[in-house]
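Fold and geometry: a report
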Amino acid sequence: MTDTSKNILLSDVQGQGFLSIFNDLSSELMPHELSLLELMEGLDYDGFDSTLRRDASVDPKDMAMIVVYSYMMGCTSSRSIERLCRRDLFIITVLKGVSAPDHTTVNRFIKRNGSQIEDMFYQVVNKLGAKGELGRETVFQDGTKIESRAGKYTFVWKNFVSKNAEKCEARLRKCLRSANSLGLSILCEESVEFPSVYTELMAVKERIEGMKLKLDAPSGKGIRLDPRVRLYRKFTEDLKKIRDYDEAVSAIGEKRNSMSKTDPDATFMRMKEDAMGNGQLKPAYNLQCASDSNYIVGCTISCDRTDYETCIPMMEKLEEKLSWKYSNYCADSGYDTVRNFNHLEENGYTPYIKPQDWEVAKTRRYMNDIGKYQNMEYNRDDDLFICANGKKIVKVDSGVDKKSGSSYGVYRCCESCQKCPLKEKCMKSSKKDRKEFQAYMEHWELRNKARILLESDKGFEIRVNRSIMAEGSFAQMKSNNKLRRFASFGRDRVFTEWILMALAVNVKHYANRRYNYNLDDPDWYEKKPA
């Protein structure tokens, strides 16, 4: 970079607060440093916690600058940031003669200012929008899974814990019957709810402990223990187990099936990085990004293995934090649910969501399958299907899928299909007498609307841009910045780390565009004429 271009870049942001301390070093500043100074100037830092340590004299505004700059340099741990503060001239100049913060101060700053850092990120996004760097028309959402710091073999499976809890409960009920036979319990009914059994056994435990028995007496062949001591040793361990099982099930929650012992917020997921090639599950987080013009404009975190429930929280976050509202929403087939379609349409968005059967529906085998209700004639007035043999298939029942929220109808043929000449092609099971299937009509209609939008000229352009913009941000984070595994525990701290990385990626992208003089022209790849 020549001295002339440096002076031009510096003159664009001259007179701002941060740059007043860089007058002597203006010829040495790099484009990414100038861009960082420009984007971080003028933000609201009043909410940051300044009580980092007793002798800390670094201003929160300067600390925020240092942390973001460190993430841009690839230093994400507190100790690497501490080392960078002692040798990097840019940070030394920001500190203005103040001693460099140690790793404890850096860690405490990030831990205590999670919500403030997120607010700072959206302030920068709004600033980029005001500068004309964002298209502000179409937003692209995608997610990625990044491994937690927790160990790979610290898993707790919900189904396994629930089965063990039932077995433990049965053993404790037997212990209650033994306590009744020894006259230690006043609860004689075995049909009561288990919390009452647990409470009574805890009372029995206290009674035995108050009898001054030799509870630690040796056991073995030829030693006759007191029945009360035997009972005490039998159910004491199960009482602890049942308490641990209840805590584990409560920590996992209803929407998850697993968690990690060392990081309860992490869920075991199937990762793309599978070194052993055996499909091993690893503790990870589902990180979501909303992109516009190759900038990250929104971030959320989820503990779910799928992306079904991440669309609505993302759009609510964007409506809350951004000063404008998008008109188009684009995502891949992982967000293809009725809830997402309905929420987007109700809030004025045009959903360009790829249906899950987008690719398979184009195959000859799918289109020639007469057993699929998608290929049958549908009578909307009478709500029935006409099969390939001309028979009516009427609706006999209905329901709602708990996972996706889609309503479905159960349809059954009016006549027997045993003598139908097309039975082998239409029915997979030869044991059934009539054709019967579940049809998700609401979801089917929404998918057809999305398919029409995606096949239009504008939909083609949006699909091309989605693969570039949504995946490009993850390429910067995971490949260029080497973010493959988080360095901290807990959902809140992991999300703060993710927000800082997203902010660093935005600043670097803005620096590249500014260096190449591409500002005020948002990235958008137009469809080339045939």
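Residues numbered from 1 in each chain as written. Predicted model: local features only at pLDDT ≥ 70, side-chain atom pairs only at ≥ 80, totals over all residues. Heavy atoms only, no water.

This next bit is on the overall build of the protein chain. A count of helices and strands for the protein chain gives 17 helices and 13 strands. Against the 2.2 N^0.38 benchmark of 24 Å for 530 residues, the protein chain shows a C-alpha radius of gyration of 31 Å, more extended than a compact globule. Classification of the 530 residues of the protein chain by burial places 47% in the buried group. Taking all contacts inside the protein chain whose residues are at least 6 apart in sequence as the whole, residues at least 24 apart take part in 66%. (Helix = DSSP H or I, 4+ residues; strand = E, 2+ residues; numbered from the N terminus. Rg over C-alpha atoms; globule rule 2.2 N^0.38 Å. Buried < 20%, exposed > 50% of the residue type's maximum accessible area, 1.4 Å probe, protein only. Contact = heavy atoms within 4.5 Å.)

With that out of the way, let us pick up the packing of aromatic side chains. Per the stated rule, a full pass over the model turns up 20 aromatic pairs. Taking 5.7 Å as the distance between ring centres and 5° as the angle between the ring planes, the aromatic pair formed by F48 and F109 counts as stacked. On the criterion of sequence distance, the pair formed by F48 in the loop between α2 (31-40) and α3 (60-72) and F109 in helix α6 (residues 103-112) is long-range, its members being 61 residues apart. Over the aromatic face of W324 sits the side chain of R136, whose NZ or CZ is 5.3 Å from the ring centroid. Positioned above the aromatic ring of Y349, the side-chain terminus of K325 is 5.1 Å from the ring centre. (Phe/Tyr/Trp six-rings, centres within 6.5 Å; stacked < 30°, edge-to-face > 60°. Lys NZ or Arg CZ within 6 Å of the ring centre and 35° of its normal.)

Glancing now at the environment of G277. Here G277 lies in the loop between β4 (267-270) and β5 (281-292). Separated by 92 residues in the primary sequence, G277 and D369 place their C-alpha atoms 35 Å from one another.

Turning to empty space enclosed by the protein, a few remarks are in order. Gaps between atoms show up when a probe of the same size as a water molecule is rolled over them. Following the criterion strictly, the structure yields two cavities of 30 Å³ or more and no others. Considered as a void within the structure, the largest cavity measures approximately 100 Å³ in volume. Together, 14 residues line the largest cavity, and C387, C417, C420, C426 and K435 are the ones closest to its centre. (1 Å grid on protein atoms, 1.4 Å probe; cavity = no way out; pocket = protein on both sides within 12 Å on 5 of 7 lines; lining within 4 Å. Points joined across faces, edges and corners; volume = space filled by probe spheres on them.)

With that settled, the discussion passes to helix α9 (residues 194-209). Its 16 residues place the ends of α9 22 Å apart at the C-alpha level, agreeing with the 22 Å of an ideal helix rising 1.5 Å per residue. Within α9, burial applies to F194, V197, E200, L201, V204, K205 and I208. One side of α9 carries all its buried residues, which in axial view fall inside an arc of 150°. Residues of α9 that are exposed and angled more than 90 degrees away from the buried face: P195, T199 and E206. Against α8 (158-181) and α10 (227-252) lie the buried residues of α9. (Expected span 1.5 Å × (residues − 1). Arc of directions from axis to C-beta.)

As a further point, take the packing of α2 against α3. Between α2 and α3, the shortest axis-to-axis distance is 11 Å and the interhelical angle comes to 145°. Taken as a pair, α2 and α3 cross one another with a handedness that is right-handed. Facing H32, E33, L36, L37 and M40 of α2, the residues of α3 in contact are A64, M65, V68, Y69 and M72. Among the residues forming the contact of α2 with α3, the class breakdown is eight nonpolar, one polar and one charged. (Axes fitted to C-alpha atoms, helices over the stretch in contact; angles between N-to-C directions. Left-handed = near helix turned anticlockwise from the far one by under 90°. Nonpolar A, V, L, I, M, F, W, Y, C, P; charged D, E, K, R; others polar.)

Because side chains alternate across strand β13 (residues 436-439), one face comprises the buried residues F437 and A439, and the other comprises E436 and Q438, none of which is buried. Inspection of the sheet shows strand β12 (residues 407-413) paired to β13 by four bridges, in the antiparallel sense. Opposite V410, over in β13, you have Q438 as the bridge partner. (Pairing = 2+ DSSP bridges.)

Below, the discussion takes up the layout of surface pockets. Roughly 700 Å³ of internal volume is contained in the largest pocket. Looking at the largest pocket, it is lined by 24 residues, and the ones nearest its centre are K255, T306, Y308, E309 and K403. Along the lines of polarity and charge, the residues of the lining of the largest pocket split into three nonpolar, nine polar and twelve charged. The calculated volume of the second largest pocket comes to roughly 490 Å³. Around the second largest pocket sit 24 residues that line it, and G371, K372, Y373, K428 and F437 are the ones nearest its centre.

Overall, the coordinates contain 24 salt bridges when judged by the stated rule. The residue R514 makes a salt bridge to E38 at a minimum N-O spacing of 2.0 Å. With R514 in helix α17 (residues 491-515) and E38 in helix α2, the pair connects residues that are 476 residues apart, well separated along the chain. Grouping residues by exposure puts R514 and E38 together as buried. Residue E137 is joined to K458 by a salt bridge in which the shortest nitrogen-to-oxygen separation is 3.3 Å. On the criterion of sequence distance, the pair formed by E137 in the loop between α7 (114-130) and β1 (138-147) and K458 in helix α16 (residues 457-480) is long-range, its members being 321 residues apart. On the accessibility criterion, E137 (39% relative accessible area) is partly exposed. (Salt bridge = Lys/Arg side-chain N within 4 Å of Asp/Glu carboxyl O.)

Among the nonpolar cores identified, the biggest contains 85 residues, and M120 and W498 are the most heavily contacted of them. Broken down by element, the residue count for this core peaks at twelve residues, all from α17. Those residues within four positions of W498 in sequence are excluded, and the remaining contacts are T144, I146, L287, Q288, C289, C299, F474, M477, L483 and F486. Core analysis: the second largest hydrophobic core is formed by 25 residues, V161, I208, F235 and M259 among them. (Core = buried A, V, L, I, M, F, W, Y, C linked by side-chain atoms within 4.5 Å.)

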